[in-house]
Amino acid sequence: MIKACIFDLDGVIVDTAKYHFIAWRRLANHLGSDFSEEENEKLKGVSRMDSLNLILEWGGIQKTEKEKKELAELKNGWYREYILQMDPSEILDGVLPFLDHLARIGIRMAVGSSSKNAGTILDQVGLTHRFEAIIDGTKITRSKPNPQVFEMGAEAMGVSPSECIVFEDAEKGIDAAIAGGFFAVGVGKEENLGHAHYVIPNFIGVAFQDILKAIEGKTP
Ligand code: BG6
Ligand code: MG
């Protein structure tokens, strides 16, 4: 029996994944390097430092720990220029009706994000009050694909992982949900998220009942 839903934030509730991509590419270019959209999929869901390490690795670039800290801060400054402009119009289509429906039928809701900027983004788009628990990059010690962020969300709501559906746009996020014993619904392209229990392209016109039907009989 499903009692709760845990939502990733970036790329699921709002399209901040595009701002991360722009800011990381700007940093890569600043270092005389670049990376593809395909490589960008590997950055989704992972922490700021893990993302930077991957970009440096792809570019064959060596940096000291101190330099890495400065580069991560530089990228975050650029990224925050985008998110501080955000307003409720940036909530992805279909998300609000979906959250409204869950609230009506008594499904508990939490956010599970690797981002240290999650609080800022939720405030900007006016969604903070809609979630019972917000577990983000400031609270976790292990980033996705580790399931810690979702485990903390389930614990905060007093439900067990097998009673929760996790919504994720990142390969690593689906890995984390499955590793933690949650049901995992991918939001995006089947080719990246095929290991989820079910995949939806986005929330437009999505009925919660259809998701329940799709995962019925499957093991979390
Ligand atoms: C995740 C994003 O939600 O947060 C990643 O999918 C990002 O791309 C990570 O690197 C950390 O975000 P932040 O805002 O703390 O740099
Ligand atoms: Mg995401």
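Here is what the cut-offs are and how they apply
Residues numbered from 1 in each chain as written. Chains lettered and ligands numbered in written order. Predicted model: local features only at pLDDT ≥ 70, side-chain atom pairs only at ≥ 80, totals over all residues. Heavy atoms only, no water. Helix = DSSP H or I, 4+ residues; strand = E, 2+ residues; numbered from the N terminus. Buried < 20%, exposed > 50% of the residue type's maximum accessible area, 1.4 Å probe, protein only. Contact = heavy atoms within 4.5 Å. Domains from an automatic or database assignment. Buried area = accessible area lost by both parts, 1.4 Å probe. Near = heavy atom within 4 Å. Polar contact = N/O pair within 3.5 Å; in protein donor to acceptor, adjacent residues only side chain to side chain. Areas by Shrake-Rupley, 256 points an atom, 1.4 Å probe, with all protein chains shown as cover. Nonpolar A, V, L, I, M, F, W, Y, C, P; charged D, E, K, R; others polar. Pairing = 2+ DSSP bridges. Axes fitted to C-alpha atoms, helices over the stretch in contact; angles between N-to-C directions. Right-handed = clockwise from strand over helix to strand, strands pointing away.

## Considering the environment of A72
- Looking at where A72 falls in the secondary structure, it is placed in helix α4 (residues 65–83).
- For A72, a relative accessible area of 7% translates into the label buried.
- Taking the C-alpha atoms as reference points, A72 and E171, 99 residues apart in sequence, are found 22 Å from one another.
- Look past the residues within four positions of A72 in its chain and what remains in contact with it is R48, M49 and L52.

## Structural notes on the domain arrangement of the protein
- As far as domains go, the protein holds domain 1 (4–15 + 88–215) and domain 2 (17–83).
- For domain 1 and domain 2, the distance between their C-alpha centres works out to 24 Å.
- Residue-level contacts link 17 residues of domain 1 with 16 residues of domain 2.
- Interface area for domain 1 against domain 2, summed over the two sides, is near 1500 Å², with a carbon-plus-sulfur share of 41%.
- Of all residues in domain 1, the largest losses of buried area upon contact with domain 2 belong to D15, N117 and K172, amounting jointly to 33% of the total for that side.

## Looking at the site of ligand 1
- If you check the shell around ligand 1, you find 15 residues, and the closest are D10, R48, S115, K116 and N117.
- Here G45 contributes a backbone N or O atom positioned 2.8 Å from an oxygen atom of ligand 1.
- Burial of ligand 1 by the surrounding chains reaches 97%, relative to a free accessible area of 390 Å².
- Considering only residue class, the shell around ligand 1 consists of 3 nonpolar, 8 polar and 4 charged.

## Observations concerning unusual backbone geometry
- In this model, K144 is joined to P145 through a cis peptide bond whose omega is 15°.
- By the secondary structure assignment, P145 is in the loop between β3 (133–135) and α7 (148–157).

## Re the sheet that holds strand β4 (residues 164–168)
- Read across the sheet, 6 strands follow the order β3-β2-β1-β4-β5-β6 without closing on themselves; strand pairing throughout is parallel. Every interior strand has two partners, whereas the edge strands, β3 and β6 (198–200), have only one. Pairs of neighbouring strands in the sheet enclose a mean axial angle of 25°, with direction left out of account.
- Bridge count for strand β5 (residues 183–187) against β6 is 3 bridges, and the pairing is parallel. Bridge assignment links V187 to a residue of β6, and that residue is I200.
- Relative to strand β1 (residues 4–7), α7 is tilted by about 140°, and along the sheet it contacts β1, β2 (108–112), β3 and β4.

## A look at the pairing of β2
- Burial runs high along β2: 4 of the 5 residues are buried.
- When β1 meets β2, the two strands line up parallel, connected through 4 bridges. Bridge assignment links A4 to a residue of β2, and that residue is R108.
- Two elements, β2 and β3, share 3 bridges in a ladder whose sense is parallel. Bridging from a neighbouring strand, A110 pairs with A133 of β3.
- Read as a crossover between parallel neighbours, the route from β2 over helix α6 (residues 118–124) to β3 is right-handed.

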